[in-house]
Amino acid sequence: MNDQPVQSEAADLDATYRTWSESAAAVLAKSRRVDVDDLPDTPEALLSTTTADGLTIRPLYTRKDETTEAGLPGAFPYIRGADPARDVTMGWRVTERFGDSTDSPAAVNTEILEAMNNGTSGLWIALGGTLTPDDLPAVLADVILDLVPVTFDAGADGIAAAEAFAAIRAGAPQPPVATTPTASTTHSLGLSPLTAAFSGRPSVEAERATAFAAADPDPAVRAFRVDGTDFATAGADNGLEIALVVAAAVTHLRDLTDAGLTAAQALTQITFGVSVDDDQFASTAKLRALRKIWARVAQVVDARDAGGALTHAVTALSMYSQRDPWVNMLRSTVAAFGAGVGGADQVTVLGYDAALPAAQRTSGPTFTRRIARNTQLLLLEESNIGRVLDPAGGSWFVESLTDDLASNAWAVFTDIEAGGGYRAALESGWITDRVGESLARRDVEVAHRRKPVTGVSEFPNLDERPLGSDVADATDLVTGTPRLARVGRAFEELRDRSDAVLADTGRRPTVLLLPLGSVAEHNARTTFVANLLAAGGIAVINPGPVTADDVADLVAGADSPVAVICGTTRRYADDGPAVLAAARAAGVSTVLLAGADKEWPSTESDSPDGSLRVGIDAVATLRDLFDTLTASTPAGSTTSGVSA
């Protein structure tokens, strides 16, 4: 065999990569105003980013990153999907959740049939609240269970619901044409004792669930739902979520084989719930990585043919914002796209107002259901995403991200196994600690606005209708758990406090801006400061260009103990000291600078008390400012000045 063409291709690729690297270095050097030789690292390193999992995302992927062919969809190692017979005209199952309202069983049935008539192709039934297992015959009346997969979330009533569902299926009329259960029509009883034990959701005892599943295994019905949303909504990163669900699933696998099932039978009693968010590529890679790891588990227990992980992707409640909730429609669209491209068997898009307590919602459930359902239908029927199995397969970036994420999760999973398995990790607090560490890292990224939340930490609308105090910490939400930690909650807690101050005093906490120079000179910084402060519920008064002579009257009219000087470095040198002195003389207790501290002239003996700039801990800064502003405003008083 002649290796010359291969070597030539590799040389050409290396040369092309060097050309790109040299060009990127030139651009970086120009932007930093240094010579290329003075750059601190290679262009690839400088342009790379690190994910919450600790994975490195490089700026460019080439044929050098090509991985081994992952096989066909529905075949080992199942990276490209678990279903070899998916109907590409239908795509994944559009799975809608029912039963969380106070509607009667008959009303819920009407909602189900209407939804199915409008595109819903999978059902997620919540029991334990208004609905009970005894209501299932009425709820599922006229639903053809051979064609529509049903998933249950029955909490402590899980076994009773399973028994009621078995009776319904046994009494259902036989289909006119014999059907064979497939991945797309498999039901899930939703028993989640192991993951719910972490999150605090009600569930059945694991021993009862195992005994039920082992007594009469049905290939069309899977008993266990190992739910990654229990970890993800508490703050677990993608790699940790995968590792924990695999560890829990392996524990179920052991329990079932100990109860007498073969490994193949046990594998076909487990489904996976997976959280997907607005990181499109990460969501796609997460689903593919989970299937890859679960296939490896099946291979180890000598049941490769039963190793296709059935996945139900659910848009992450933790990514949903309460403020400007309409933006959640965009987040959900990206998440659903990532799930569909990643090969999820079922996808549920939560309503855009899912992060709001029911009493705070302004849209009717019919509207939110339709928007959530149509988000998927547009992807399926207009964008035709479902017509191609594993459309991301072969992408150098996606394949590399899948492998990296799988390796990351496998390392954590093996650590859990080495420590005695999932139950030992849960009982020792190891899982709680690891999820807490992941949440803490995420909170730092959010606080510094490196992980922006549109409508909350970026581009907030301070004039939104007040929601009421203590809403941001609400966890009693549909699909929520006591450990729910939403991404934007720290900023929204400040907004809740601001709403309370507005209701009590008639005015929000307010800061006076002192812009220097022309609008062209200060506009970028006044806009930045106004948006930063609004993220914490703090209003601003922007009087336009000011001089030192204007400051006393402006301070008296604003009635605020905090002012921010905004301008350019040159303006700070020319006009800043006089304006600072005037603000202090007028009684302003805290004067801040828009921009870096080093922009203030070093020759001055007095300087601002701090700065507002990119990269600060915005949450801590806003909390301190909020405390300063509210300490100066007596409760129940209405102060003068501009009201937000």
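Note: the structure precedes this text.
For clarity, every value in this text was computed on a predicted model and none was experimentally measured. Note on numbering: residues in each chain are counted from 1, in written sequence order. In view of the model being predicted, local features appear only for residues whose pLDDT reaches at least 70, and side-chain atom pairs are presented and counted only at 80 or more, with totals across whole chains, interfaces and linings using the full set of residues. Hydrogens and water molecules were not included; the side-chain quantities draw on all heavy atoms of the structure.

(A) Local environment of the sheet that holds strand β13 (residues 562–566). Only when DSSP finds a minimum of two bridges between them are two strands counted as paired. Helix and strand definitions here come from DSSP, where helices need a minimum of 4 consecutive H or I residues and strands a minimum of 2 consecutive E residues; each element is numbered from the N-terminal end. With parallel pairing, the five strands of this open sheet are ordered in space as β12-β11-β13-β14-β15. Every interior strand has two partners, whereas the edge strands, β12 (539–541) and β15 (610–612), have only one. Between one strand axis and the next, the sheet turns by 35° as a mean value, whatever way the strands run. As judged from the three bridges shared by strand β11 (residues 510–515) and β12, these two strands associate in the parallel manner. Bridge pairing links threonine 510 to alanine 539 in β12. Running at roughly 130° to β13, helix α21 (residues 618–631) makes contact with β11, β13, β14 (590–594) and β15 of the sheet. Axis lines are fitted to C-alpha atoms, over the contacting stretch for helices. Their N-to-C directions set the angle, which ranges from 0 to 180 degrees. When checking whether two residues touch, look at their non-hydrogen atoms; a contact exists if any pair is within 4.5 Å.

(B) Examining the layout of surface pockets more closely. Cavity means a closed set of points on a 1 Å grid over the protein atoms alone, one where a 1.4 Å probe fits but cannot get out, pocket means an open set with protein on both sides within 12 Å along at least 5 of 7 lines, and lining means a residue has an atom within 4 Å of a point. Grid points are joined across faces, edges and corners, and a volume is the space filled by probe spheres set on the points. Considered as a void within the structure, the second largest pocket measures approximately 960 Å³ in volume. Lining of the second largest pocket is provided by 39 residues; of these, Ala52, Asn238, Asp277, Asp279 and Lys451 occupy positions nearest its centre. Those elements that provide at least two residues to the lining of the second largest pocket are β1 (49–50), α9 (238–258), β8 (270–276), α11 (280–300), α12 (327–341), α14 (396–418) and α16 (430–447). The residue classification treats Ala, Val, Leu, Ile, Met, Phe, Trp, Tyr, Cys and Pro as nonpolar and Asp, Glu, Lys and Arg as charged. All others, Gly included, are polar. Considered class by class, the residues forming the lining of the second largest pocket number 18 nonpolar, eight polar and 13 charged.

(C) Seen up close, the nonpolar core. Grouping buried Ala, Val, Leu, Ile, Met, Phe, Trp, Tyr and Cys residues that are joined through side-chain atoms within 4.5 Å yields what is termed a nonpolar core. Burial classes: relative accessible area under 20% of the type maximum marks a residue as buried, over 50% as exposed, and values in between as partly exposed (1.4 Å probe, protein chains only). Leu123, Ile125, Leu136, Val246, Phe272 and Trp294 are the most contacted members of the largest nonpolar core, which totals 113 residues. No other element matches the 12 residues that α9 contributes to this core.

(D) Expanded view of the packing of α9 against α11. Their axes nearest at 10 Å, the elements α9 and α11 cross at an angle of 30°. Considered as vectors, α9 and α11 are oriented roughly parallel to each other. Crossing hand, α9 versus α11: right-handed. Contacts between α9 and α11 involve Asn238, Glu241, Ile242, Val245, Val246, Ala249, Val250 and Leu253 from the former and Ala282, Lys286, Ala289, Leu290, Ile293, Trp294 and Val297 from the latter. Looking at the contact of α9 with α11, its residues break down into 12 nonpolar, one polar and two charged. Any angle that falls under 35 degrees is termed roughly parallel, while one over 145 is termed roughly antiparallel, one within 65 to 115 roughly perpendicular, and all others oblique. It is the rotation of the near helix from the far one that decides the hand of a crossing: anticlockwise by less than a right angle makes it left-handed, clockwise makes it right-handed.

(E) Up close: the pattern of salt bridges. Salt bridge, as used here: a side-chain nitrogen of Lys or Arg that lies within 4 Å of a carboxyl oxygen of Asp or Glu. The tally for this structure, following the rule as stated, stands at 38 salt bridges. The closest approach of N and O atoms between arginine 63 and glutamate 66, which form a salt bridge, is 3.3 Å. Looking at glutamate 66, the relative accessible area reads 47%, which means it is partly exposed. Glutamate 521 serves as the salt-bridge partner of arginine 571, at 3.0 Å between the closest nitrogen and oxygen. One end of the pair, arginine 571, is in helix α20 (residues 569–585); the other, glutamate 521, is in helix α18 (residues 519–535), with 50 residues separating them in the sequence. If you follow the salt bridges from partner to partner, you end up with Glu69, Arg80, Arg288, Asp390 and Glu399 in one network.

(F) Quick peek at the packing of α11 against α14. Two elements in contact, α11 and α14, have axes separated by 8 Å at closest approach and are oriented at 55°. Here α14 runs oblique to α11, going by the angle between their axes. Where α11 crosses over α14, the handedness of that crossing is right-handed. Mapping the contact onto sequence places Phe281, Ala282, Thr284, Ala285, Lys286, Arg288, Ala289, Lys292, Ile293 and Arg296 in α11 and Phe397, Val398, Glu399, Leu401, Thr402, Asp403, Leu405, Ala406, Ala409 and Trp410 in α14. Looking at the contact of α11 with α14, its residues break down into 12 nonpolar, two polar and six charged.

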